[in-house]
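Coordinate analysis (summary)
Now for the letters of each chain:
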Amino acid sequence: MKLYFTRHGKTEWNQDRRFQGMEGDSPLLKESYIEIEQLGMHLKDISFEKIYSSPLSRTRKTAEGIKNELKVKPEIVFSDHLRELGLGDLEGQKIELGKKLYPTQMRAMRDSPSEYDPSPFNGETFEEMLERSVPFVREKIAEATEGPLLFVSHGMTLGGIIQTLVGTPLKDLRKDGGLANNSLSVIDYTEGVFTLELWDDVSFLDK
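Let us look at the structure shown here. Residue positions are given per chain, counted from 1 along the sequence in the order it is written. In keeping with the predicted nature of the model, local features appear solely for residues at pLDDT of at least 70, side-chain atom pairs appear and are counted solely at 80 or more, and the whole-chain, interface and lining totals rest on all residues. Only hydrogens and water are removed before side-chain values are computed, so all heavy atoms of the structure are retained for them.

1. With respect to the packing of aromatic side chains
For Phe, Tyr and Trp, rings pair up if their centres lie within 6.5 Å, where Trp contributes its six-membered ring, and each pair is then called stacked (planes under 30 degrees apart), edge-to-face (over 60) or tilted (otherwise). Applying the stated criterion to the full structure yields eight aromatic pairs. Seen in terms of ring centroids, Tyr-4 and Phe-48 are 5.2 Å apart; in terms of plane orientation they differ by 90 degrees. Their pairing is edge-to-face. In this pair, Tyr-4 sits in strand β1 (residues 2-7) while Phe-48 sits in the loop between α2 (30-42) and β2 (50-53), placing the two residues 44 residues apart along the sequence. Residue exposure (1.4 Å probe, protein chains only): buried if accessible area is under 20% of the type maximum, exposed if over 50%, otherwise partly exposed. Taking relative accessible area as the criterion, Phe-48 reaches 3% and is therefore assigned buried. Between Phe-5 and Phe-151, the ring centres sit 5.3 Å apart and the planes meet at 15 degrees, which makes this aromatic pair stacked. By the criteria applied, helices consist of DSSP H or I runs no shorter than four residues and strands consist of E runs no shorter than two, each listed in order from the N terminus.

2. Describing the packing of helix α6 (residues 126-143) against helix α7 (residues 155-165)
Closest axis-to-axis distance for the α6/α7 pair is 9 Å, and the angle between their directions is 65 degrees. What the angle tells us is that α6 and α7 run roughly perpendicular. The interaxial crossing formed by α6 with α7 has right-handed handedness. Here α6 contributes Phe-126, Met-129, Leu-130, Arg-132, Ser-133, Val-134, Val-137 and Arg-138 to the contact with α7, which in turn contributes Met-156, Thr-157, Gly-160, Ile-161, Thr-164 and Leu-165. Of the residues in the contact of α6 with α7, the class split is eight nonpolar, four polar and two charged. In this description, a line fitted to the C-alpha atoms serves as the axis of each element, helices being fitted only across the stretch in contact, and the angle between N-to-C directions of two axes falls anywhere from 0 to 180 degrees. Here is the rule for angles: anything less than 35 degrees is roughly parallel, anything more than 145 is roughly antiparallel, 65 through 115 is roughly perpendicular, and the remaining ranges are oblique. Here is the rule for handedness: rotate from the far helix to the near one, and if that takes an anticlockwise turn smaller than a right angle the crossing is left-handed, while a clockwise turn gives right-handed. Contact criterion: two residues are considered in contact whenever any of their non-hydrogen atoms come within 4.5 Å of each other. For this classification, Asp, Glu, Lys and Arg are treated as charged, while Ala, Val, Leu, Ile, Met, Phe, Trp, Tyr, Cys and Pro are nonpolar and the rest, including Gly, are polar.

3. Some thoughts on α7
Of all the 11 residues making up α7, 10 are buried; the element is thus mostly covered by neighbouring parts of the structure. Listing the buried residues of α7 in full gives Gly-155, Met-156, Thr-157, Leu-158, Gly-159, Gly-160, Ile-161, Ile-162, Gln-163 and Leu-165. In the segment just after α7, Gly-167 is the residue with positive phi, at about 95 degrees.

4. A closer look at the packing of α2 against helix α3 (residues 57-69)
The relative placement of two packed helices is expressed as an angle between their axes plus a distance between the axes. Orientation of α2 relative to α3, taken along the N-to-C sense of each, is 45 degrees, at an axis distance of 8 Å. With respect to α3, the axis of α2 lies oblique. Where α2 crosses over α3, the handedness of that crossing is right-handed. When α2 is examined against α3, the residues Tyr-33, Ile-36, Glu-37, Leu-39, Gly-40 and Met-41 are found in contact with a partner set consisting of Lys-61, Thr-62, Gly-65, Ile-66 and Glu-69. Here the residues of the contact of α2 with α3 are counted per class, giving five nonpolar, three polar and three charged.

5. Section: the pairing of strand β4 (residues 149-153)
Counting buried residues in β4 gives five out of five residues, a clear majority hidden from the surface. In this description, strands pair whenever DSSP reports at least two bridges between them. Judged from the five bridges that link them, β1 and β4 form a sheet pairing that is parallel. Bridge pairing in β4 links Phe-5 to Phe-151. Of the strand pairs in this sheet, β2 and β4 are connected by four bridges, and their pairing is parallel. Residue pairing in the sheet places Tyr-52 in a bridge with Phe-151 of β4.

Structure, rendered in structure tokens:
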């Protein structure tokens, strides 16, 4: 079974370098709709069994835009399990301010998930995010007949899900860096083994 993962299109807060977690949300940029269409065209011949998406506006519109381009149009199922890592009091704040106020936490978020402690700003740990997201993905894989499946979510959450499925330990979840907006990653799932086939591909987008 093939599992496809894509991050939502770029938003106004992404452009403005603001924290955008499980509660914060902002509109997609106009150019993001063009990239979503390009991604949908890239996937148009794949007959997805289902699309699973975070319910936030930026992911919802990304999932719907992809579906519009597909020849076979599957059901989109929205789930809170796929929301972004919760950033608590930092939601909507400038990233540079977060780095100034919480330098240790921000470095750990980027490079050392096992050492990340978001309690000073009432955020969610990587462990908590993985505990809600990874079992959900595994459950949907078990429910599928033969796939393929498409998951539309967020940078931190998707990166954590993908790396965890292929066996990467918590401390190394960020070893390959982050995921670009509208990027595509693919895992092959065969006889209980998850194999990463594609990571953070944006070759189909016009730059």
